[in-house]
Structure formats: C-alpha cells, structure tokens
Amino acid sequence: ARLRDMDRFGIQISVIFPTVTLTHLTEDVKYEAALMRSYNTWLAERCGQAPDRLKFSALVPLRSPQDAIIEVKRAKELGAASIFTLGTAGEKLLDDESLDPVYEEIVRQDLPLTVHVGWSHPGLTESCHDTYAAMGLSFTLPVMMGFFAITGGGVLDRHPGLKAGFLEAGGDWLPYMLDRLDRYHWIVYHKFGRPVSQKKPSDYLGTGQIYLSVEGDEPMVPKVIELLGEDHVMGSADMPHAEARDNHLTEIAERKDIAAHVKEKILTHNPARFYGFKI
C-alpha cells in the first residue's frame with residue numbers, strides 16, 4: 001500500500017520514521033530499550049520487502065547509553081538509513097557527555113543522526129494543558145533544544161565526523177535561533193564566561209554537518225537556504241499526516257521564489273547525500 005502511495009506521489013525512496021515512539025512508552029529504560037530493539041527488527045523486516053525503495057530510521061535508547069551503543073551497531077547490520085532521536089534524551093540535553101560514546105559509535109557506523117519532533121522532555125510535556133499546546137510547544141521545541149545542544153553544546157567539536165539532520169519542525173525557526181544563540185551564547189559568554197562550543201552556532205552551518213527539512217509553504221525557505229546553503233536543505237513527504245498534506249513536496253516544486261536547480265537539490269540530491277543513497 002505504501003509503495004502504491006509513493007508511486008502516486010512520484011516518490012522513489014521513502015525513509016520511514018516512527019509515530020508511536022514520539023513520546024516515551026515507559027519510564028523503565030531497560031524495557032524501553034527492548035521495545036526499540038523489537039521495533040527496529042520488525043521495521044527492518046517490513047522494509048526488506050522492498051529494500052531499494054523502503055528505508056528506515058532506527059530507534060536507539062539514549063536514556064540507556066550502553067544499550068544505545070549496542071543498538072547502533074545492530075541498526076547498521078539491519079540496514080538502517082539513520083539513527084533516530086528526539087530533541088532531548090528525557091530531561092538531558094543532547095550535549096550531555098554520557099552520550100558521547102553513542103555519538104562515537106554513530107560516526108563509526110557511518111550513519112547520520114536525525115533529530116525529530118516529539119514529546120521528549122517531561123517538563124515541557126507536563127506544562128501543556130491541551131493538545132494544541134502539546135503540538136505547538138512540547139512537541140516542537142525539543143528540536144530547537146537539540147539544535148542548540150549539537151551546535152552550541154559542542155557536540156560537533158567533540159565529534160567532527162557526525163552528520164545531523166533536524167526534521168519535521170520546519171525551517172522558519174532557524175534564522176531566529178541562530179541570531180539568538182550567536183548573540184547570547186557566543187558574544188555574551190565570551191565576555192562573561194566561556195561558551196561550550198569552539199565556534200558560533202552559525203559557523204557550523206558551513207561545515208557540511210548540518211541538514212534541515214522544510215515545509216513546502218514556509219515563507220522563510222529562501223532565507224533558510226541562504227543561511228544553511230542550498231546543498232543542506234531537504235523536503236519531506238509525511239504520509240499519513242494529521243494536516244492531510246501527505247505530499248507537500250509538490251508545494252516545493254511549484255514555488256516561484258526558489259531556483260529550479262535548488263528545488264531539484266531539495267527534493268532529490270540533498271536527501272540522497274544525507275542518507276548516503278546512490279541515485
């Protein structure tokens with residue numbers, strides 16, 4: 001059924017991300033690790049029915065780093081296209097030093113890290129009083145927290161071979177976050193303290209390590225392309241989707257404010273490079 005939908009939308013390769021695990025399924029981290037192993041095994045088997053077209057992002061239990069290292073290795077053996085994480089590891093930011101061995105293994109296995117929206121931080125989740133707040137705040141903000149941790153938190157300094165993509169939160173937040181982090185994390189802390197990262201967060205955009213997915217109708221996409229570079233912006237076709245926009249890639253293709261060769265990169269070449277696909 002998915003292959004039929006992909007054919008209908010003109011999609012050649014689909015990288016499948018989870019839904020049920022966009023929040024913690026249990027407070028028992030060992031049980032969570034077992035559930036993630038089971039999910040990865042099951043999805044690898046399903047994608048194996050059409051391995052040239054169906055790929056998957058593997059779950060790893062970052063709240064149990066030793067289990068996560070083992071699962072990164074197994075994910076590579078299963079044929080995973082990337083390693084999935086939410087924007088925080090529970091209450092911990094992604095720059096927590098306990099996660100460094102996991103990042104080392106991700107780099108060793110030559111897999112990209114994909115930071116996805118989801119209800120990862122219990123404090124944010126508990127603060128939201130209804131589903132609108134939950135979707136607008138606690139679901140979305142962790143991706144920006146993840147961006148801070150990977151850039152401003154020094155993760156890319158400690159792991160220069162790591163490649164990270166920030167997905168499903170759109171891209172219009174990037175100009176604001178860069179200005180905010182550069183201004184306060186870097187300029188202010190150079191005067192009054194010591195920033196964790198060796199460079200300004202914006203300086204990491206030129207290293208080739210950062211990718212971002214955008215929504216087709218976002219007004220700031222040209223600015224995001226200018227900041228991040230036309231080789232590091234990707235589109236996504238989230239199907240099925242609550243907004244009933246199962247293939248907003250067509251919105252990117254129809255835009256008049258993006259050059260044709262850049263649209264081709266966003267839709268084809270950039271995601272292929274990020275995931276290491278041959279096209």
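So, how was this worked out
- Residues numbered from 1 in each chain as written.
- Predicted model: local features only at pLDDT ≥ 70, side-chain atom pairs only at ≥ 80, totals over all residues.
- Heavy atoms only, no water.
- Helix = DSSP H or I, 4+ residues; strand = E, 2+ residues; numbered from the N terminus.
- Rg over C-alpha atoms; globule rule 2.2 N^0.38 Å.
- Contact = heavy atoms within 4.5 Å.
- Areas by Shrake-Rupley, 256 points an atom, 1.4 Å probe, with all protein chains shown as cover.
- Phe/Tyr/Trp six-rings, centres within 6.5 Å; stacked < 30°, edge-to-face > 60°.
- Buried < 20%, exposed > 50% of the residue type's maximum accessible area, 1.4 Å probe, protein only.
- Pairing = 2+ DSSP bridges.
- Axes fitted to C-alpha atoms, helices over the stretch in contact; angles between N-to-C directions.
- Parallel < 35°, antiparallel > 145°, perpendicular 65-115°, else oblique.
- Nonpolar A, V, L, I, M, F, W, Y, C, P; charged D, E, K, R; others polar.

1. Digging into the overall build of the protein
Inference 1: Along the backbone of the protein there are 12 helices and nine strands.
Inference 2: The C-alpha atoms of the protein give a radius of gyration of 18 Å, which matches the 19 Å a tight globule of 279 residues would have.
Inference 3: Dimensions of the protein, computed from C-alpha atoms along their principal axes, come out at roughly 60 × 50 × 40 Å.
Inference 4: Relative to all contacts within the protein whose residues are 6 or more apart in sequence, the contacts with residues 24 or more apart total 70%.
Inference 5: As displayed, the protein offers around 13,500 Å² of accessible surface, 54% of which is attributable to carbon and sulfur atoms.

2. Some remarks on the packing of aromatic side chains
Inference 1: Counted under the stated rule, the structure contains eight aromatic pairs.
Inference 2: Ring centres of Y39 and W42 lie 6.2 Å apart, and the angle between their planes is 50 degrees; this geometry places the pair in the tilted category. Taken together, the residues span about one helical turn, with Y39 and W42 both in helix α2 (residues 29-47) at a distance of three residues.
Inference 3: Taking 5.3 Å as the distance between ring centres and 75 degrees as the angle between the ring planes, the aromatic pair formed by F147 and W173 counts as edge-to-face. One end of the pair, F147, is in helix α7 (residues 141-151); the other, W173, is in helix α9 (residues 173-192), and 26 residues separate them in sequence. Across this residue pair, the class does not change: F147 and W173 are buried.

3. Quick notes on the pairing of strand β6 (residues 113-116)
Inference 1: Because side chains alternate across β6, one face comprises the buried residues L113 and V115, and the other comprises T114 and H116, equally buried.
Inference 2: Inspection of the sheet shows strand β3 (residues 82-86) paired to β6 by four bridges, in the parallel sense. Bridge pairing in β6 places T85 opposite V115.
Inference 3: In this sheet, strand β7 (residues 164-167) lies alongside β6 in parallel orientation, the contact comprising four bridges. Within the sheet, the bridge partner assigned to V115 lies in β7 and is F166.

4. Describing the environment of R74
Inference 1: Along the polypeptide, R74 turns up in helix α3 (residues 65-78).
Inference 2: Along the sequence, R74 and G118 sit 44 residues apart, while their C-alpha atoms lie 24 Å from each other.
Inference 3: Leaving out residues up to four positions away in the same chain, R74 has contacts with R37, N40 and T41.

5. Focus on the packing of α2 against α3
Inference 1: Remark: α2 packs on α3, axes separated minimally by 11 Å, with the N-to-C direction vectors making an angle of 5 degrees. If you check the angle between α2 and α3, you find them roughly parallel. Counted together, K30, A33, M36, R37, N40, T41 and A44 of α2 and D67, E71, R74 and L78 of α3 form the full contact between these two elements.
Inference 2: Here the residues of the contact of α2 with α3 are counted per class, giving four nonpolar, two polar and five charged.

All quantities given are derived from atomic positions and should not be read as evidence of function.
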